[in-house]
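# Structural description and commentary
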Amino acid sequence: MTGTNGPIVEARRLSTHFGGESSGLSRFLRPKLPVLRAIDGIDLVIEAGQVVGLVGESGSGKTTLGRTILGLERPTSGEVRFAGENIEKLGTHDLRLLRRRMQMIPQDAAASLSPRLRVSQLLDEVYDIRRTARNARRSPADLLAMVELGPEHANKYPHELSGGQAKRVSIARALAMEPEFIVADEPTSGLDVSAVAAIVNLLVRLRAELNLSYLLITHDLDVVAYMADIIVVMYLGKVAEIGPAEGLADRPLHPYTQSLLDAVTRPGEERRTKLAVRGDIPSPRFPPSGCRFHTRCPFAQPLCREREPALEESGLPGHRTACHFWREIVSGSLPAGC
Ligand code: SF4
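Keep in mind that this is a model prediction, so the values were computed, not measured. (Residues numbered from 1 in each chain as written. Predicted model: local features only at pLDDT ≥ 70, side-chain atom pairs only at ≥ 80, totals over all residues. Heavy atoms only, no water.)

### Quick word on the nonpolar core
Counting 66 residues, the largest nonpolar core has Ile171, Leu175, Tyr214, Ile231 and Val233 as the members making the most contacts within it. Here this core takes seven residues from helix α8 (residues 193–210), the largest share from any one element. For Tyr214, the contacting residues outside a window of four places in its chain are Gln50, Val51, Val52, Phe181, Ile182, Leu203, Leu206, Arg207 and Met227. In this structure, Val9, Ala48, Ile230 and Ile242 belong to the second largest nonpolar core, which totals 31 residues. (Core = buried A, V, L, I, M, F, W, Y, C linked by side-chain atoms within 4.5 Å. Buried < 20%, exposed > 50% of the residue type's maximum accessible area, 1.4 Å probe, protein only. Helix = DSSP H or I, 4+ residues; strand = E, 2+ residues; numbered from the N terminus. Contact = heavy atoms within 4.5 Å.)

### A closer look at unusual backbone geometry
Positive phi values are uncommon outside glycine, yet Ala83 reaches one of about 50°. Along the polypeptide, Ala83 turns up in the loop between β4 (77–82) and β5 (85–86). We classify Ala83 as partly exposed; its relative accessible area is 37%. Phi angles above zero are rare outside glycine, and Glu186 is one such case at about 50°. On the secondary structure map, Glu186 appears in the loop between β7 (181–185) and α8. Residue classification places Glu186 among the buried positions, given a relative accessible area of 5%.

### Looking at the packing of helix α5 (residues 119–129) against helix α7 (residues 163–175)
Two numbers describe a pair of packed helices, the interaxial angle and the distance between the axes. Direction vectors running N to C along α5 and α7 enclose 30°, while the axes themselves pass 8 Å from each other. As far as their axial angle goes, α7 and α5 are roughly parallel. Seen along the crossing, α5 lies across α7 with a hand that is right-handed. Across the interface between the two elements, Val119, Leu122, Leu123, Glu125 and Val126 of α5 pack against Val169, Ala172 and Arg173 of α7. Of the residues in the contact of α5 with α7, the class split is six nonpolar, no polar and two charged. (Axes fitted to C-alpha atoms, helices over the stretch in contact; angles between N-to-C directions. Parallel < 35°, antiparallel > 145°, perpendicular 65-115°, else oblique. Left-handed = near helix turned anticlockwise from the far one by under 90°. Nonpolar A, V, L, I, M, F, W, Y, C, P; charged D, E, K, R; others polar.)

### A closer look at empty space enclosed by the protein
For the coordinates displayed, the defined rule picks out two cavities of 30 Å³ or more. Of the volumes computed, that of the largest cavity is approximately 100 Å³. Around the largest cavity, the lining is made up of 15 residues, and of these Cys291, Cys297, Cys304, Cys323 and His324 lie nearest the centre. Counted by class, the lining of the largest cavity contains 12 nonpolar, three polar and no charged residues. Mapped onto the lining of the second largest cavity, the elements with two or more residues apiece are β9 (230–235) and α11 (255–262). At three residues, the largest contribution of residues to the lining of the second largest cavity is made by α11. (1 Å grid on protein atoms, 1.4 Å probe; cavity = no way out; pocket = protein on both sides within 12 Å on 5 of 7 lines; lining within 4 Å. Points joined across faces, edges and corners; volume = space filled by probe spheres on them.)

### Remarks on the site of the ligand
In the vicinity of the ligand, the contacting residues are His254, Pro255, Cys291, Phe293, His294, Cys297, Phe299, Ala300, Cys304, Cys323, His324 and Phe325. Taken together, the residues that form the shell around the ligand break down as nine nonpolar, three polar and no charged. (Near = heavy atom within 4 Å.)

### Quick look at the pattern of salt bridges
Tallying each qualifying case throughout the model produces 18 salt bridges. The partner of Glu209 in a salt bridge is Arg205, and the shortest N-O contact between them spans 2.8 Å. One end of the pair is Glu209 and the other is Arg205, both in helix α8 and four residues apart, which spans about a single turn. One continuous salt-bridge network, built from bridges that share partners, spans Glu148, Arg168, Arg205 and Glu209. (Salt bridge = Lys/Arg side-chain N within 4 Å of Asp/Glu carboxyl O.)

### Thoughts on the sheet that holds strand β2 (residues 36–47)
With antiparallel pairing, four strands are arranged side by side in an open sheet as β2-β1-β4-β5. Strand pairing shows two members of the sheet lacking a second neighbour, β2 and β5, which therefore form its edges. Against the sheet, helix α2 (residues 62–69) engages β1 (7–18), β2 and β4, with an angle of about 60° to β2. (Pairing = 2+ DSSP bridges.)

### Notes on the packing of α7 against α8
As a packed pair, α7 and α8 sit with axes 11 Å apart at the nearest point and diverge in direction by 15°. Between α7 and α8, the angle falls in the class roughly parallel. The interaxial crossing formed by α7 with α8 has right-handed handedness. Here α7 contributes Gly164, Lys167, Arg168, Ile171 and Leu175 to the contact with α8, which in turn contributes Ala198, Ile199, Leu202, Leu203, Leu206 and Leu210.

### Here we look at the pairing of β9
The side chains of a regular strand alternate, first on one face of the sheet and then on the other. The buried fraction of β9 is high, at six of six residues. The two faces of β9 match: Ile230, Val232 and Met234 on one face and Ile231, Val233 and Tyr235 on the other face are all buried. Strand direction decides the pairing type here: strand β3 (residues 51–55) and β9, joined by four bridges, are parallel. Residue pairing across strands places Val55 opposite Val233, the latter belonging to β9.

### Here's the deal with the layout of surface pockets
Here the largest pocket is characterised by a volume of approximately 440 Å³. Around the largest pocket, the lining comprises 15 residues; the ones closest to its centre are Leu72, Gln103, Met104, Arg130 and Arg173. Contributions of two or more residues to the lining of the largest pocket are made by β6 (102–105), α5 and α7. Approximately 350 Å³ is the volume attributed to the second largest pocket. As for the second largest pocket, its lining consists of 20 residues, and the residues nearest its centre are Lys238, Val239, Glu308, Pro309 and Ala322. Going through the elements one at a time, β2 and β10 (238–244) are the ones with two or more residues in the lining of the second largest pocket. Among the elements that make up the lining of the second largest pocket, the one with the highest residue count is β2 (four residues). Counted by class, the lining of the second largest pocket contains 10 nonpolar, three polar and seven charged residues.

Put into structure tokens, the structure is as follows:
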């Protein structure tokens, strides 16, 4: 299902950079490091009710993008609008109200739960932080029921929970404020196959029942292909490819997307020859010139080192890619390694 009620999140030319400045004594003690360009000029629209899947290797900027959208990181430039409101321009009171409508499921669920608190206290804590009146709170039993945990879990401490149960408590904490939009950061990481399926099904059910929108950050392409309406592929702080989930997974245009899909080819599955992508993702402090993927791309040409490719329409609705040679690559007229 794709959302149709207008955008809930709009990010325009969004950049978040870290460091690059030193002052006082540190100027003499530590050499100045180049700026870390975690995200660099991202445009992204999430429609109400939509699931957008964000994929890419560690270091591609996925979590920073999610945190910047939520206002947890301050953008260096660009803007984020939530339900039409420019977050940067809101006063403290309005920002606090708006933050209730957007929540995060943290990547490391167990580490995000205070080990000294019981589950019921962890759920109440969310309301205490948000200064929510007693009569406006859901009971721990209600919140646990929403994530398919029995009331007996309310008295447990985090170390008494399995990985899947800790994830469910994290999801319950995110649901406490009745949000409209959730950034789910690697919601299935560290879980075994059956727990992954259970969490995915839970998120799908909650989306349908509560009309939630998700930004789903994940390494797991199976999860993203199953849950997302739109897939965004990020590489070194930039969007490499974006498009409707089915079209992008069936017909990837960018060599980086192809390499990610190749990495999950199953035994016996027929797929084109795997791309030989070289080395590791470079540091976002030292992004390569031109196309940032050129140091690893098996199709790289001299132009790729010199000029940054723009996100270009592919001819299919909403499917865009940032590669100078996607047509030649898709048609096979530019072989890998030439
Ligand atoms: Fe590869 Fe060049 Fe396309 Fe970048 S622009 S993905 S280096 S072919």
